[in-house]
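Geometric and topological summary
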Amino acid sequence: MEINSTSDVVILSGNSHPELADLVANRLGVRKGGCSVYHKTNRETMVEIADSIRGKNIYIVQTGTKDVNNNIMELLIMAYACKTSSARSIVGVIPYLPYSKQCKMRKRGCIVTKLLAKMMCKSGLTHIITMDLHQKEIQGFFDCPVDNLRASPFLLQYIQESIPDYRNSVIVARNPGSAKKATSYAERLRLAIAVIHGEQKEAESDEVDGRYSPPCMPSVDRSRTMDVSVGVPVHPAKEKPPINVVGDVGGRIAIMVDDMIDDVQSFVAAAEVLKECGAYKIYVLATHGLLSSDAPRLIEDSSIDEVVVTNTVPHELQKMQCNKIKTIDISVLLSEAIRRIHNKESMSYLFKNVTLED
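Residues numbered from 1 in each chain as written. Predicted model: local features only at pLDDT ≥ 70, side-chain atom pairs only at ≥ 80, totals over all residues. Heavy atoms only, no water.

1. Notes on the sheet that holds strand β1 (residues 9-13)
Taken in spatial order, the five strands make up an open sheet running β1-β4-β5-β6-β7, and their pairing is parallel. Each edge of the sheet is formed by a strand with only one pairing partner; in this case those strands are β1 and β7 (146-149). Averaged over all neighbouring strand pairs, the angle between strand axes comes to 15°, with direction disregarded. Relative to strand β4 (residues 57-61), β1 runs parallel, the two being bridged by five bridges. Its bridge partner lying in β4, Ser13 is registered against Val61. (Pairing = 2+ DSSP bridges. Helix = DSSP H or I, 4+ residues; strand = E, 2+ residues; numbered from the N terminus. Axes fitted to C-alpha atoms, helices over the stretch in contact; angles between N-to-C directions.)

2. A short note on the pairing of strand β12 (residues 281-289)
In terms of residue burial, β12 counts as a mostly covered element, since eight of its nine residues are buried. With eight bridges connecting them, strand β11 (residues 253-261) and β12 associate as parallel partners. Bridging from a neighbouring strand, Ile255 pairs with Tyr283 of β12. Handedness of the β11-helix α6 (residues 265-276)-β12 crossover: right-handed. When β12 meets strand β13 (residues 306-310), the two strands line up parallel, connected through three bridges. Looking at the pairing, Tyr283 lines up with Glu306 of β13. This β-α-β element, β12 to helix α7 (residues 295-300) to β13, shows right-handed connectivity. (Buried < 20%, exposed > 50% of the residue type's maximum accessible area, 1.4 Å probe, protein only. Right-handed = clockwise from strand over helix to strand, strands pointing away.)

3. A look at the pattern of salt bridges
For the structure on display, the rule yields 13 salt bridges. We note a salt bridge from Asp294 to Arg297, for which the minimum N-O separation is 2.6 Å. Under the relative-accessibility criterion, Asp294 is labelled partly exposed at 30%. When its relative accessible area of 47% is taken as the criterion, Arg297 is described as partly exposed. As a salt-bridge pair, Arg339 and Glu336 come within 2.8 Å of each other at their nearest N and O atoms. With Arg339 and Glu336 both in helix α9 (residues 331-342) and three residues apart, the pair spans about one turn of that helix. Glu336 carries the same exposure label as Arg339, and that label is buried. Salt bridges sharing common partners tie together Glu336, Arg339, Arg340 and Glu345. (Salt bridge = Lys/Arg side-chain N within 4 Å of Asp/Glu carboxyl O.)

4. Notes on the state of the cysteines
Taken as a whole and assessed by the stated rule, the structure comprises zero disulfides. Considering cysteine sulfurs only, Cys121 is the nearest to Cys144, which forms no disulfide, with 3.7 Å between them. (Disulfide = S-S within 2.5 Å.)

5. Description of the nonpolar core
Grouped together as the largest cluster of nonpolar side chains are 46 residues, with contacts concentrated most on Ile129, Leu149, Ile171, Ile255 and Leu334. Shared between two domains, this core holds at least three residues of each, these being domain 1 (9-149) and domain 2 (153-199 + 243-329). When sequence neighbours within four positions are dropped, the list of residues in contact with Leu334 reads Leu20, Val24, Val93, Pro95, Ile129, Met131 and Leu149. Of all hydrophobic cores here, the second largest spans 31 residues; its members include Met78, Ala79, Ala87 and Cys103. (Core = buried A, V, L, I, M, F, W, Y, C linked by side-chain atoms within 4.5 Å. Domains from an automatic or database assignment. Contact = heavy atoms within 4.5 Å.)

6. Here we look at the confidence of the model for the chain
Any residue range with low pLDDT should be treated as having predicted coordinates unsuitable for detailed reading. Within the chain, residue pLDDT values average 88, and 87% of them lie at 70 or more. When the elements of the chain are averaged for pLDDT, helix α10 (residues 348-351) gives the smallest value, 79, and strand β5 (residues 89-94) the largest, 98. Under a pLDDT of 50 for its full length, residues 354-358 has, in the predicted model, 17 contacts with residues more than four places off or in other chains. (pLDDT = per-residue confidence, 0-100.)

7. A look at the sheet that holds β13
Pairing is mixed across the open sheet formed by seven strands, whose spatial order is β10-β9-β8-β11-β12-β13-β14. Whereas interior strands pair on both sides, the edge strands pair on one side only; in this sheet they are β10 (244-246) and β14 (325-328). Across the sheet, the mean angle from the axis of one strand to that of its neighbour is 30°, orientation sign disregarded. Along the sheet, helix α5 (residues 179-189) makes contact with β8 (169-173), β9 (192-197) and β11, crossing β8 at roughly 160°. On top of the sheet, α6 reaches β8, β9, β10, β11 and β12; it is set at about 170° to β11, its chief contact.

Listed below in structure tokens is the structure:
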């Protein structure tokens, strides 16, 4: 998969995931550029690029981890350092885009993802390569091209090759919001789906924001209106039912699919319900394995048999604490995307027959 004219390609890496950067560089047959990213005693981020990058095509591999704010500042400073060093193009390879869940308006809040997008473009990034954005509309926040790659072919291949008797499986949506993704997986595998309805915690869509405020009442002809009461009507509060499964999982393998797995409590609760409904094996498949806090311990003690994630986010420590966590290497997809961008080839092949959530 080596690229043409490798002399003008430079792969740089921050501190977030150097192992992934090494895998990408090795697959492309390119030596990683000399770049030192460190913190001074006052915690300021320092970037020193050892080699000349004037007129070169720069690819900065930096993903989001638990140290998310440092990851962002490292990326921005590295991009700006390349911009002021007269690099020809600066492509950010960001497999997991930080703050991607904060892409909706909250009450007296803001859309943080848009702020981050503006910062990245202002810092000098001319192109973004990312993977499985929380919402595909996030691409519209950027003033530069964004290639949102999909990890679903790797996860589908894992189901077919590594789950015994996968034909006796059912794809499970952890909540109604992820039913579209579950449907796409089920259609490609020719399997049935089930949806878990009812949640223990409040969903993002139920949080109060300005859009749900009642409008001002216009002055209209009183003879044609009905006077309900004095003042503006109050929205009735939503009451969620207890967790239940819509669909048949009895005597089957339950496979939950999602874009990321961070706080695993909801996955553990869903697994308990699936086990009670008769599922004899439970798998969780996700692209980004953040696995924060005490996630490894909760997974180890739960009814979940296996958690499968890609290496967009480093999780070696979590794997040492939990034997149920498995990893799929997606560096080949990132490498192919870089090769096609550099050689000015079409990217459509990477999206062929992969239309999850589109």
